[in-house]
Amino acid sequence: MEAVGFIPSSQHLVQTNKTVTWASPSNIALVKYWGKYDPQIPANPSISFTLNHCNTKTSVTLVDQSMLSDTSTGAFSFEFSFEGAPKPDFHPKIASFFARVFDYLPFLKTYHLVINSENTFPHSSGIASSASAMAALSLCLLELSDEFPPNDQNVFSEAFYAKASFLARLGSGSAARSISGPLMQWGKTPGFKASQDLVAVPFNKVLAPIFKNFQDTILLVDKGEKVVSSTVGHGLMKDHPFAKARFQQAHDQLALLTEALVSGDMETFISVVESEALTLHAMMLTSSPYFILMKPGTLSIIEKIWNFRKNTALPVCFTLDAGANVHLLYPEMHKVQVLQFIENELVAYCQNGQYICDQVGSGSISHTVQP
Ligand code: PMV
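Being a predicted model, the structure only gives us computed values, none of them experimental.

About the cut-offs
Residues numbered from 1 in each chain as written. Predicted model: local features only at pLDDT ≥ 70, side-chain atom pairs only at ≥ 80, totals over all residues. Heavy atoms only, no water. Helix = DSSP H or I, 4+ residues; strand = E, 2+ residues; numbered from the N terminus. Buried < 20%, exposed > 50% of the residue type's maximum accessible area, 1.4 Å probe, protein only. Polar contact = N/O pair within 3.5 Å; in protein donor to acceptor, adjacent residues only side chain to side chain. Contact = heavy atoms within 4.5 Å. Near = heavy atom within 4 Å. Areas by Shrake-Rupley, 256 points an atom, 1.4 Å probe, with all protein chains shown as cover. Nonpolar A, V, L, I, M, F, W, Y, C, P; charged D, E, K, R; others polar. Domains from an automatic or database assignment. Pairing = 2+ DSSP bridges. Axes fitted to C-alpha atoms, helices over the stretch in contact; angles between N-to-C directions. Core = buried A, V, L, I, M, F, W, Y, C linked by side-chain atoms within 4.5 Å. Salt bridge = Lys/Arg side-chain N within 4 Å of Asp/Glu carboxyl O.

Caption draft 1: Fine view of the side chain of Thr58. Tracing the sequence through the fold places Thr58 in strand S4 (residues 46-64). With a relative accessible area of 2%, Thr58 lands in the buried category. A distance of 2.8 Å separates polar atoms of two side chains, one belonging to Thr58 and the other to Ser117. Ignoring any residue separated from it by four or fewer positions in sequence, one finds Thr58 in contact with Val20, Thr21, Trp22, Ile115, Asn116, Ser117, Ala136, Leu137 and Cys140.

See below:
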């Protein structure tokens, strides 16, 4: 499908003063997206586990411009609150998202939006919330548009979720994967016919039972602001000396991982997932200018995980996002032992001893109160 296919053919009847609410989860990539072309087209395919507890919940109310004060220009406007307080710092990112989605949601142009958002995970925990935030906002806007109304059981169509992923992608690439779950693939790759650059699609194969309720414990090594943003990092892949080989590697690793996800081959799963995490950071180390997002604690934790795996033979592995925090991935059946290991050996490297226990989830949920 082409991007123009997401422009509605006719204007739908929208209800003024309607409030809609969606909760969208964060996600953790197993094969990493790093490098992009305009407009948010990934340079390589990626696949991620959708998380369950780390969510952004967003409500949007549609207000007719005529209801606003006399000073209103009648043009599109919005107000944004985060966890109950106005948050002007977030305005530029939201405004540029709106500028990108207007063509696909033309009804917006004559309205004022009141947006309220909150996260279930601690703010400034070093966990990127742009994926969950952009996904929840996109779902709210699309529900308000009434382009794909839910059926009598209040179930939304595949077309609704596909367009929500398309919109979310324009806010933050990885947000395309936060719409549904438990495993989402984004970016065209030869081994998977349904794969696309414009939207993320659910993994279309049966997952091996070992991945059911797969655990992700996020070790908060550093909760501070990143020294280099993802936007800058993606941009540095343009002239990166290893870009071509890296993009090809992502296709190859995705093919290997796909087989492991179906067969339950944990050895392959672990080697691909850890290789992807280290490759992502290797790209940062070899960018021009180079930069490092890992901290000493990140490396200490990785070493401890490798020792633990060697000593116990448990299928525990790590992945990293664009930051210093470590995601510890393991089957649910080993939860007790792994949590003990975290308490005994890893908590010492976490800022204020903090970590978040999450697991694979099934995607975004509507909280709209139906009249
Ligand atoms: O969605 P962005 O632009 O914040 O980029 C996310 C990039 C990584 O999180 C590092 C990898 C990924 O695939 O999620």
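Caption draft 2: Representation of the site of the ligand. Surveying the vicinity of the ligand reveals 13 residues, the closest of which are Tyr33, Ser174, Arg177, His234 and Asp321. With respect to the ligand, the side chain of Ser174 contributes an N or O atom lying 2.6 Å from an oxygen atom. One nitrogen or oxygen atom from the side chain of His234 is found 3.0 Å from an oxygen atom belonging to the ligand. For the ligand, whose unbound accessible area comes to 380 Å², protein coverage reaches 91%. Classifying every residue of the shell around the ligand gives 5 nonpolar, 5 polar and 3 charged. When residues of the shell around the ligand are assigned to domains, at least three fall in each of domain 1 (15-206) and domain 2 (209-359).

Caption draft 3: Spotlight on the sheet that holds strand S11 (residues 317-320). Read from one edge to the other, the open sheet built from 4 strands follows the order S11-S12-S10-S13, with strand pairing classed as antiparallel. The sheet is open, and its two edges are formed by S11 and strand S13 (355-359), each paired on a single side. The mean inter-strand angle of the sheet, taken between neighbouring strand axes irrespective of direction, is 25°. Strand direction decides the pairing type here: S11 and strand S12 (residues 326-330), joined by 4 bridges, are antiparallel. Each residue of the ladder has a partner; that of Phe318, found in S12, is Leu328.

Caption draft 4: Representation of the nonpolar core. Counting residues in hydrophobic clusters, the biggest one holds 45 residues, and the most contacted among them are Phe98, Leu108, Leu113 and Leu141. Only strand S1 (19-31), S4, strand S5 (77-82), helix H1 (91-101), strand S7 (111-119), helix H2 (130-145) and helix H3 (158-171) provide two or more residues apiece to this core. The element contributing the most residues to this core is H2, with 9 residues. Among all residues touching Leu141, those that are not within four sequence positions of it are Val60, Phe97, Phe98, Leu105, Phe107, Leu108 and Leu113. Ranked by size, the runner-up nonpolar core spans 30 residues in total, among them Leu51, Cys54, Leu261 and Ile270.

Caption draft 5: Here's a closer look at the pattern of salt bridges. This model, assessed by the stated rule, comprises 4 salt bridges. Taking the shortest distance from any N to any O, the salt bridge between Arg246 and Glu276 comes out at 2.8 Å. Of this pair, Arg246 sits in helix H5 (residues 243-263) while Glu276 sits in helix H6 (residues 266-285), placing them 30 residues apart in sequence. Judged by its relative accessible area of 3%, Arg246 falls in the buried class. Classification of Glu276 by relative accessible area gives buried; the value is 0%. Between Lys304 and Glu345 there is a salt bridge, with its nearest N and O atoms 3.7 Å apart. In this pair, Lys304 is assigned in helix H7 (residues 296-312) and Glu345 in helix H8 (residues 335-346), connecting sequence segments 41 residues apart.

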